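# Examining the three-dimensional arrangement
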Amino acid sequence: LNDVFQLQAHIREVMKLDPTILKVNVYLPGSEGEVTVIGSNTFTVGTGAESHDSAPLLTGESDSEETELDGETVLEISSPVRVNGEIVAALGVYLSLAAREAALSALTTRLIAGPVIAVVLIAILGWLALRLFVLNRLQFMVRAGDRLAQGDMTSRVAGGWENPGRDEMALAINHFN
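None of these values were measured; they are calculated from a predicted model. (Residues numbered from 1 in each chain as written. Predicted model: local features only at pLDDT ≥ 70, side-chain atom pairs only at ≥ 80, totals over all residues. Heavy atoms only, no water.)

## Structural notes on the overall build of the chain
- For the chain, the helix and strand inventory stands at four helices and five strands.
- Overall, the chain shows an N-to-C arrangement of helices and strands of α-β-β-α-β-β-β-α-α.
- In summary, the chain has a C-alpha radius of gyration of 38 Å against a globular reference of 16 Å for 177 residues, an excess of more than 25%.
- If you line up the chain on its principal axes, its C-alpha atoms span 115 × 25 × 25 Å.
- Burial statistics for the chain: of 177 residues in total, 24% are counted as buried.
- Considering only contacts in the chain between residues 6 or more positions apart, those separated by 24 or more positions represent 42%.
- Counting only carbon and sulfur atoms, one obtains 61% of the accessible surface of the chain, whose full area is about 12,000 Å².
- If the 12 positive side-chain charges of the chain are averaged to one point and the 22 negative ones to another, these points end up 23 Å apart. (Helix = DSSP H or I, 4+ residues; strand = E, 2+ residues; numbered from the N terminus. Rg over C-alpha atoms; globule rule 2.2 N^0.38 Å. Buried < 20%, exposed > 50% of the residue type's maximum accessible area, 1.4 Å probe, protein only. Contact = heavy atoms within 4.5 Å. Areas by Shrake-Rupley, 256 points an atom, 1.4 Å probe, with all protein chains shown as cover. Lys, Arg positive; Asp, Glu negative; His and termini not counted. Charge placed at Lys NZ, Arg CZ, Asp CG, Glu CD.)

As structure tokens, this is what we get:
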């Protein structure tokens, strides 16, 4: 029992080295084929291990998978522990994926927000260009046309429209004047 507490204290010290380690279990084989758990969680000490947790004892191979631990997505890494070439235990380490999830969330936000902002800016610039180069000029022509309709034969659209070049609105205003 004293060895169990020492191992558990050692596990907690190792966990302090890396804040992404959420849980550590050591799976020890018993004489009758059962596997006992000793880990960072006091409530699991001495309980039987699930078959997938103790699999490295039988296969001698490491394994990893994403799983849930207390409502959080974690990476569970299971690996055999060898002493002089013989498998004496299996180690299960549960790593937090919160940093990865936050990075993916931030990336997703940037990938969505960037194009949305670009589309909004292009729409605003398009509206401003339409307003400046078409709508304002049409309003000037409409006002001059209203004055002309009221009998003011000197009505003109103010501005330098004499050399319109390829600007169709300027050409129309020049013809109007």
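## Brief notes about the environment of Glu 34
- Tracing the chain through its elements places Glu 34 in the loop between strand E1 (21-29) and strand E2 (35-39).
- With 50 residues separating them along the chain, Glu 34 and Asn 84 place their C-alpha atoms 22 Å apart.

## Regarding the pairing of strand E5 (residues 86-96)
- As judged from the six bridges shared by E1 and E5, these two strands associate in the antiparallel manner. By the bridge assignment for E5, Asn 25 is matched with Gly 92.
- Once strand E4 (residues 72-83) ends, the chain turns through two residues before running back antiparallel as E5, passing Asn 84 with a positive phi of about 55 degrees. (Pairing = 2+ DSSP bridges.)

## Remarks on the packing of aromatic side chains
- Scanning the entire structure with this criterion turns up zero aromatic pairs.
- The cationic tip of Lys 23 hangs over the ring face of Tyr 94; the distance from NZ or CZ to the ring centre is 4.8 Å. (Phe/Tyr/Trp six-rings, centres within 6.5 Å; stacked < 30°, edge-to-face > 60°. Lys NZ or Arg CZ within 6 Å of the ring centre and 35° of its normal.)

## A look at the environment of Leu 148
- Of note, Leu 148 is situated in helix H3 (residues 98-149).
- Given the relative accessible area of 34%, Leu 148 is considered partly exposed.
- Sequence separation between Leu 148 and Leu 17 is 131 residues; the distance between their C-alpha atoms is 86 Å.

## What to know about helix H2 (residues 51-59)
- If you check which residues of H2 are buried, you get Asp 53, Ser 54, Pro 56 and Leu 57. Buried residues of H2, viewed axially, fall in a sector of 120 degrees; they line one side. Residues of H2 that are exposed and angled more than 90 degrees away from the buried face: Ser 51, Leu 58 and Thr 59.
- Buried residues along H2 sit against E1, E2, E4 and E5.
- Phi for Gly 60, located one or two positions after H2, is positive at around 75 degrees. (Arc of directions from axis to C-beta.)

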